[in-house]
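Structural overview
Letter by letter, the chains look like this.
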Amino acid sequence: MPRSPATMTRARRHLAGSRALCISRGQLLLVEHHDPHTGHTYWILPGGGREAGEDFAEAAVREVREETGVEVRVVRRLRVPASQADVTYALFLVEPVAHTAAAPLVDLTQEAYLRGAAWHVVTPDKPLGPLDAAVWGYLAPRIARLLRDRSS
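Residues numbered from 1 in each chain as written. Predicted model: local features only at pLDDT ≥ 70, side-chain atom pairs only at ≥ 80, totals over all residues. Heavy atoms only, no water.

1. Observations regarding helix α4 (residues 140-151)
- Given a rise of 1.5 Å per residue, twelve residues ought to cover 16 Å, and the 17 Å separating the end C-alpha atoms of α4 matches this to within 8%.
- Residues of α4 that are buried include every one of A140, I143, A144, L146 and L147, and no others. Around the axis of α4, the buried residues are gathered within 160° of arc, so they sit on the same side.
- In the core, the buried residues of α4 are packed alongside β1 (17-24), β2 (27-34), β5 (72-78), β6 (89-96) and α3 (133-136). (Helix = DSSP H or I, 4+ residues; strand = E, 2+ residues; numbered from the N terminus. Expected span 1.5 Å × (residues − 1). Buried < 20%, exposed > 50% of the residue type's maximum accessible area, 1.4 Å probe, protein only. Arc of directions from axis to C-beta. Contact = heavy atoms within 4.5 Å.)

Given below as structure tokens:
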């Protein structure tokens, strides 16, 4: 049965903000969050919402700087698979201007969730580091490929 233009178009994902995938020297840059309601502590990619007048790439760069203290530049936007319907962010591959220690620039006492930032060793066999595979597993093949490409 032929598909009509209406059935061929994909539903557009509503994007609320940006996240950044930053790998340098075999390490993945992550931020630590603590949910005050559940008491659960977890690691995620740095990122957040856009400010007035910002595009998604500018938001990703600013959020990485604020949350980790690391200056980055955007390499490219990464496609989020359609199977990840709950993803509400634009995802960018970024690279550090210089590989520096991660230290948030924001006042952590004023942050509801953010508790810190760190570089985590990742390998092609263990590409997620401390990221929760149930949430971030779709990134594992991409990170493994980036690590292999950079080592060759």
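2. Some thoughts on the pattern of salt bridges
- Taken as a whole, this structure holds six salt bridges when the rule is applied.
- One salt bridge connects R65 with E71, and the closest N-O pair in it is separated by 4.0 Å.
- Looking at R65, the relative accessible area reads 27%, which means it is partly exposed.
- A salt bridge links R73 to E95; the nearest nitrogen and oxygen atoms lie 2.8 Å apart. With R73 in strand β5 and E95 in strand β6, this pair connects stretches of sequence that are 22 residues apart. (Salt bridge = Lys/Arg side-chain N within 4 Å of Asp/Glu carboxyl O.)

3. Remarks on the pairing of β2
- Where β1 lies against β2, two bridges are found, and the strand directions are antiparallel. Paired with I23 across the strands is L28, a residue of β2.
- A loop of two residues connects β1 with β2, the two strands running antiparallel in sequence, and R25 in this loop sits at a positive phi of about 55°.
- Inspection of the sheet shows β2 paired to strand β7 (residues 114-121) by seven bridges, in the antiparallel sense. If you follow H33 over to β7, its bridge partner there is L114.
- Looking at chain direction, β2 and strand β3 (residues 41-44) are connected through four bridges and run antiparallel. Bridging from a neighbouring strand, H34 pairs with T41 of β3.
- Joining the antiparallel neighbours β2 and β3 is a turn of six residues, in which G39 adopts a positive phi near 80°. (Pairing = 2+ DSSP bridges.)

4. A short note on the confidence of the model for the protein
- On average, residues of the protein score 91 in pLDDT, and 91% of them are at 70 or above.
- Counted against residues more than four places away or in other chains, residues 1-10, with its pLDDT under 50, gives two contacts. (pLDDT = per-residue confidence, 0-100.)

5. Remarks on helix α2 (residues 56-68)
- For α2, with 13 residues, the first-to-last C-alpha span of 18 Å sits near the 18 Å given by 1.5 Å per residue.
- Of the residues making up α2, those classed as buried are F56, A59, A60, R62, E63, V64, E67 and T68.
- Buried residues along α2 sit against β1, β2, β4 (47-49), β5, β6 and β7.
- Structurally, the start of α2 carries an N-cap: the backbone nitrogen of A57 is 3.1 Å from a side-chain oxygen of D55.
- In the segment just after α2, G69 is the residue with positive phi, at about 80°. (Polar contact = N/O pair within 3.5 Å; in protein donor to acceptor, adjacent residues only side chain to side chain.)

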